[in-house]
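# Inside the fold
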Amino acid sequence: MITFLVSIALLIIAYFTYGKFIEKMFGVKESRPTPAYSMKDGVDYIPMGTNRNSLIQLLNIAGVGPIFGPIMGALYGPVAFIWIVVGCIFAGAVHDYLTGMISIRNKGAHLPQLAGKFLGKSMKHIVNAIAVLLLLLVGTVFVTAPAGLLFNLMDGLVTLGIITAVIFAYYILATMLPVDKIIGKVYPILGALLVISAIGIGGMLIFTGAPIPELTLENMHPAGTAVFPILMITIACGAISGFHATQSPIISRTLQNEQNGRKVFYGMMIVEGIIAMIWAAAAMSLFYGTDLAALIDSGGAGLVVSEVAFTLLGAIGGTLAVLGVIVLPITSGDTAFRSARMIIADYIKVPQLKITSRLWIALPLFVISFILTTMDFTLLWRYFGVTNAAISAIALFVGAMYLAIQFKFHWVATIPATFMTMVSLTFIFNAPIGFGLPMGTSYVAATIGTIIILALFAYKIKLNRAEVNFELDEDESKAA
């Protein structure tokens, strides 16, 4: 298991090296007041401790992505390890850090506002629509996935409909109440459960000497599905996820000091990458020489989760591990709806101090999501995947623009933004839910589209640099 252990080591080392490099380039200002203080409102803007913020951020961004995605990505073999490590260090963690810190510098603004400011006013409307769609898909996926796991865990003693209703009820409360009432109190406990379950699975893989395949570039997918771009769409949250750009502003409104940003934003993405590595390795190991594809087809990634947990940890440990997995989607689903409420409220400029103002925005979201739960989960996941990739590219371009305006080395964000643009366009041109073109044609069309987008980005850099009164960071003192 040399590949597995080296991969984990590289992720940890990256936090102290590349993460520090990105932090230094961004330029932390410890004396600058954060929105948690300058805009404190007792609902969304509330100062909270770094450890609490870290665990909340981890649960916000994780979902089932770093578990279900890597399990399905394990079908490709060890090449999945490469994407998790490289994607997490150079794309995902950079993406999360920049979006979180730029949001802090702009009064806790969400991605649509940031896109409008740095990429053009029209992008605000486009990104607002895409972001709300993504959050609805995330919320829906993160209702059906944990409901199915709980239904199986309880052997059908409680109907799937009742479990789904209970999850929705919790989501409504978490979306409506101040951030420190449920999320701030419960998440640190649930975060600990998540970390312990991941450590348990990873520890048992090492202790038992599990036969984890070593590094190879061979595509082992039984159906021969192309590694690019499908693997990048499949393993999203464990490497890079645009969904994270919708979650970071929640914490940018509760962070006490900018110097905590690397731990909360870059660090928690590294932790998510480690979780993804553990579950990808577990899926490859336990079903090494057997048909993983057949198991996924028969019961989905959720069945693999149960098999891995109970095989490695026994009845009690397995139950706790599955509960840790269930925690992930539930604690991302609630903040997905919360983010959607905040994004819509910011867009239509409706203050959120009154609970009635929160209610009339949130309830329609839950109605739409409930209707979406009737759709096929696999189809939902595909729509979620491509929307997720597109949002990540836009968020990275925002980060790149922020650096480029200051004549800093923006390529740390521009290169992964370009890569994710190519991933998104190739998938859209090739997939049946897109244009359904042959893969070769899709590569050509995506390349042309990516070049055009890069040219527009370069032109926008020139315009923004030439604008004398461009306000890079909004003055926090005006919000007090």
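### Some thoughts on the packing of aromatic side chains
Under the criterion given, the structure shown has 16 aromatic pairs. A centroid spacing of 6.2 Å and a plane angle of 35° characterise the contact between Phe228 and Tyr443, whose relative ring orientation is tilted. Here Phe228, found in helix 11 (residues 227-234), pairs with Tyr443, found in helix 18 (residues 439-466); they are 215 residues apart in sequence, far enough to count as distant. By way of ring pairs, the aromatic residues Phe26, Tyr97, Phe118, Tyr402 and Phe470 are connected into one cluster. One Lys or Arg, Arg262, reaches over the ring of Tyr15 and ends 4.6 Å from the middle of that ring. We note Arg465 situated over the ring of Phe407; from NZ or CZ to the ring centre the distance is 4.0 Å.

### Concerning unusual backbone geometry
Along the chain, Phe228 connects to Pro229 via a cis peptide bond; the corresponding omega equals 10°. The residue Pro229 is located in helix 11 in this model. Even without a glycine there, the phi angle at Phe407 is positive, about 60°. Examined against the element boundaries, Phe407 turns out to sit in the loop between helix 16 (377-405) and helix 17 (411-430). Exposure remark for Phe407: the relative accessible area of 62% places this residue in the exposed category.

### Comments concerning helix 4 (residues 50-62)
Given a rise of 1.5 Å per residue, 13 residues ought to cover 18 Å, and the 18 Å separating the end C-alpha atoms of helix 4 matches this to within 8%. Judged by how many residues are buried, helix 4 sits mostly within the fold: 10 of 13 residues are covered. Here helix 4 has its buried residues at Thr50, Asn53, Ser54, Ile56, Gln57, Leu58, Leu59, Asn60, Ile61 and Ala62.

### Regarding the side chain of Thr164
Tracing the backbone through its elements, the reader meets Thr164 in helix 9 (residues 160-176). Polar side-chain contacts of Thr164 include one of 2.9 Å to the backbone oxygen of Leu160. Apart from the residues within four sequence positions on either side, Thr164 is in contact with Val143 and Ala147.

### Some points on the nonpolar core
By size, the foremost hydrophobic cluster in this structure holds 153 residues, and its most contacted members are Ile71, Phe118, Tyr266, Ile270 and Trp279. In terms of residue count, helix 14 (residues 292-348) provides more of this core than any other element does, 23 residues in total.

### Topic: the environment of Gln352
By the secondary structure assignment, Gln352 is in the loop between helix 14 and helix 15 (355-372). Between the C-alpha atoms of Gln352 and Thr335, which are 17 residues apart in sequence, the distance is 16 Å. What Gln352 contacts, discounting residues up to four positions off in sequence, is Val43, Asp44, Arg341, Ala345, Ser357, Arg358 and Ile361.

### Side note on the side chain of Ser103
Among the structural elements, Ser103 can be located in helix 6 (residues 79-105). Since its relative accessible area comes to 0%, Ser103 is described here as buried.

### With respect to a nonpolar patch on the surface
A cluster of nonpolar side chains, namely Phe21, Phe409, Trp411 and Ile415, defines an oily patch on the protein surface of about 440 Å² accessible area. The residue Phe21 is located in helix 2 (residues 18-26) in this model. In this structure Phe21 comes out as partly exposed when scored by relative accessible area, which is 40%.

### What to know about helix 13 (residues 261-286)
Compared with an ideal rise of 1.5 Å per residue, which puts 26 residues at 38 Å, helix 13 spans 37 Å between its outermost C-alpha atoms and is within 8% of the ideal. Largest kink in helix 13: about 35°, centred on Gly267.

### Structural notes on the packing of helix 8 (residues 121-153) against helix 9
At a minimum axis separation of 9 Å, helix 8 and helix 9 run at an interaxial angle of 135°. Between helix 8 and helix 9, the angle falls in the class oblique. As helix 8 runs across helix 9, the sense of the crossing is right-handed. Contacts between helix 8 and helix 9 involve Gly139, Phe142, Val143, Pro146, Ala147, Gly148, Leu150 and Phe151 from the first element and Leu160, Ile163, Thr164, Ile167, Phe168 and Tyr171 from the second. Of the residues in the contact of helix 8 with helix 9, the class split is 11 nonpolar, three polar and no charged.

The rules behind the values
Residues numbered from 1 in each chain as written. Predicted model: local features only at pLDDT ≥ 70, side-chain atom pairs only at ≥ 80, totals over all residues. Heavy atoms only, no water. Phe/Tyr/Trp six-rings, centres within 6.5 Å; stacked < 30°, edge-to-face > 60°. Helix = DSSP H or I, 4+ residues; strand = E, 2+ residues; numbered from the N terminus. Lys NZ or Arg CZ within 6 Å of the ring centre and 35° of its normal. Buried < 20%, exposed > 50% of the residue type's maximum accessible area, 1.4 Å probe, protein only. Expected span 1.5 Å × (residues − 1). Polar contact = N/O pair within 3.5 Å; in protein donor to acceptor, adjacent residues only side chain to side chain. Contact = heavy atoms within 4.5 Å. Core = buried A, V, L, I, M, F, W, Y, C linked by side-chain atoms within 4.5 Å. Patch = residues over 30% accessible without salt bridge, like charges linked within 9 Å, V, L, I, M, F, W, Y side chains within 5 Å. Areas by Shrake-Rupley, 256 points an atom, 1.4 Å probe, with all protein chains shown as cover. Salt bridge = Lys/Arg side-chain N within 4 Å of Asp/Glu carboxyl O. Bend = angle between axes of the 7 residues up to and from the residue. Axes fitted to C-alpha atoms, helices over the stretch in contact; angles between N-to-C directions. Parallel < 35°, antiparallel > 145°, perpendicular 65-115°, else oblique. Left-handed = near helix turned anticlockwise from the far one by under 90°. Nonpolar A, V, L, I, M, F, W, Y, C, P; charged D, E, K, R; others polar.

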